[in-house]
Amino acid sequence: GAVVSQHPSWVICKSGTSVKIECRSLDFQATTMFWYRQFPKQSLMLMATSNEGSKATYEQGVEKDKFLINHASLTLSTLTVTSAHPEDSSFYICSAKPGNQPQHFGDGTRLSIL
Amino acid sequence: SQKIEQNSEALNIQEGKTATLTCNYTNYSPAYLQWYRQDPGRGPVFLLLIRENEKEKRKERLKVTFDTTLKQSLFHITASQPADSATYLCALVKAAGNKLTFGGGTRVLVKP
């Protein structure tokens with residue numbers, strides 16, 4: 001079946017650093033990928049839609065300069081949290097849609113900013 | 001404003017019984033609705049999809065109903081097992097779009 005892989009699964013870093021998270025579709029091509037954020041005991045909130053070869057579409061209230069998205073190939077999208085601060089600590093999850101199938105999700109990246 | 005509501009209280013159920021979860025929505029006209037399972041520290045896993053013109057869908061021990069008049073979907077796990085313990089999320093998709101909007105999820109705990 002379709003597999004979406006995220007890396008790293010867990011990252012701890014100091015406040016002010018930038019963190020890059022990768023999302024790969026392993027056995028299918030994805031022109032569109034989605035990035036979500038999930039705080040403890042809350043549901044997934046869509047942050048942005050990543051489009052291969054063009055700019056990402058951000059949801060209302062999500063700072064595009066804070067959360068940089070690059071979708072340079074049909075199997076890879078990256079999310080960079082720039083100048084991360086403790087309030088950016090969260091569980092970040094990506095997804096991709098193989099053809100007409102429902103969205104398949106990665107296993108998430110736990111980001112902890114000290 | 002648009003809302004998708006799931007029972008935030010955990011559902012504790014005895015093994016072998018049927019678990020029934022509710023997903024209600026307001027100010028929304030979904031083209032279809034999906035149910036996902038999420039285990040702690042993991043991403044959601046797709047379970048079932050039901051379209052606006054469908055009343056019921058089944059997959060093994062799972063059953064989903066969709067009532068667009070009541071704006072409600074019910075998710076049933078029959079003959080529940082401890083391995084079914086997880087958080088279950090409903091998600092709606094509007095027509096002509098791929099964006100998922102999730103409910104808050106309901107945690108299910110099946111006791112042996």
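Just above sits the structure.
Residues numbered from 1 in each chain as written. Chains lettered and ligands numbered in written order. Predicted model: local features only at pLDDT ≥ 70, side-chain atom pairs only at ≥ 80, totals over all residues. Heavy atoms only, no water.

Asks: Would you mind showing me how to read the overall build of chain A here?
Replies: Tallying secondary structure elements over chain A gives zero helices and eleven strands in all. Reading the helices (α) and strands (β) of chain A from amino to carboxyl end gives β-β-β-β-β-β-β-β-β-β-β. A compact globule built from 114 residues should have a C-alpha radius of gyration of about 13 Å, and chain A, at 13 Å, falls within 12% of that. A principal-axis box enclosing the C-alpha atoms of chain A has dimensions of 40 × 25 × 20 Å. Buried residues in chain A amount to 52% of all 114 residues. Excluding contacts between residues fewer than 6 apart, the proportion of contacts in chain A whose partners are at least 24 apart in sequence is 51%. Looking at chain A as shown, the accessible area adds up to about 5700 Å², and 51% of this sits on carbon and sulfur atoms. (Helix = DSSP H or I, 4+ residues; strand = E, 2+ residues; numbered from the N terminus. Rg over C-alpha atoms; globule rule 2.2 N^0.38 Å. Buried < 20%, exposed > 50% of the residue type's maximum accessible area, 1.4 Å probe, protein only. Contact = heavy atoms within 4.5 Å. Areas by Shrake-Rupley, 256 points an atom, 1.4 Å probe, with all protein chains shown as cover.)

Asks: Is there a simple way to explain unusual backbone geometry in this structure?
Replies: Only a minority of non-glycine residues have a phi that is not negative, and only a minority of peptide bonds are not trans. In the segment running from A:His7 into A:Pro8, the intervening peptide bond is cis, with an omega of 0°. Residue position: A:Pro8 is located in the loop between β1 (4-7) and β2 (10-13). Its identity as a non-glycine residue notwithstanding, A:Ser83 has a phi of 45°, on the positive side. A relative accessible area of 34% means that A:Ser83 is categorised as partly exposed. Positive phi outside glycine occurs at B:Ala79, with the angle close to 45°.

Asks: Any chance you could explain the state of the cysteines here in plain terms?
Replies: Two cysteines whose sulfur atoms are joined by a covalent bond form what is called a disulfide. One pass over the structure, following the stated rule, counts two disulfides over all chains. Paired by a disulfide, A:Cys23 and A:Cys94 hold their sulfur atoms 2.0 Å apart. For the disulfide bridge between A:Cys23 and A:Cys94, the dihedral angle about the S-S bond is near 80°, and by the sign convention the bridge is right-handed. Here the residue A:Cys23 occupies a position in strand β3 (residues 19-25), and A:Cys94 occupies one in strand β9 (residues 90-96), the gap between them amounting to 71 residues. By the burial criterion, A:Cys23 is buried, and A:Cys94 matches it. In this model, B:Cys23 is linked to B:Cys90 through a disulfide, with the two sulfur atoms separated by 2.0 Å. Its S-S torsion of approximately 65° makes the covalent link between B:Cys23 and B:Cys90 right-handed. With B:Cys23 in strand β3 (residues 19-26) and B:Cys90 in strand β9 (residues 86-94), this residue pair connects regions lying 67 residues apart in the sequence. No difference in accessibility class separates B:Cys23 from B:Cys90, as the two residues are buried. (Disulfide = S-S within 2.5 Å.)

Asks: Looking at this structure, how should I read the nonpolar core?
Replies: One recurring pattern in soluble globular proteins is that nonpolar side chains are buried together. Formed by 25 residues in total, the largest nonpolar core has its most connected members in A:Trp35, A:Phe67, A:Leu79, A:Tyr92 and A:Leu111. Mapped onto this core, the elements with two or more residues apiece are β2, β3, β4 (32-38), β5 (45-51), β7 (67-73), β8 (76-81), β9 and β11 (109-113) of chain A. If you look at the next biggest cluster of nonpolar residues, it comprises 23 residues, including B:Ala19, B:Cys23, B:Tyr25 and B:Phe66. (Core = buried A, V, L, I, M, F, W, Y, C linked by side-chain atoms within 4.5 Å.)

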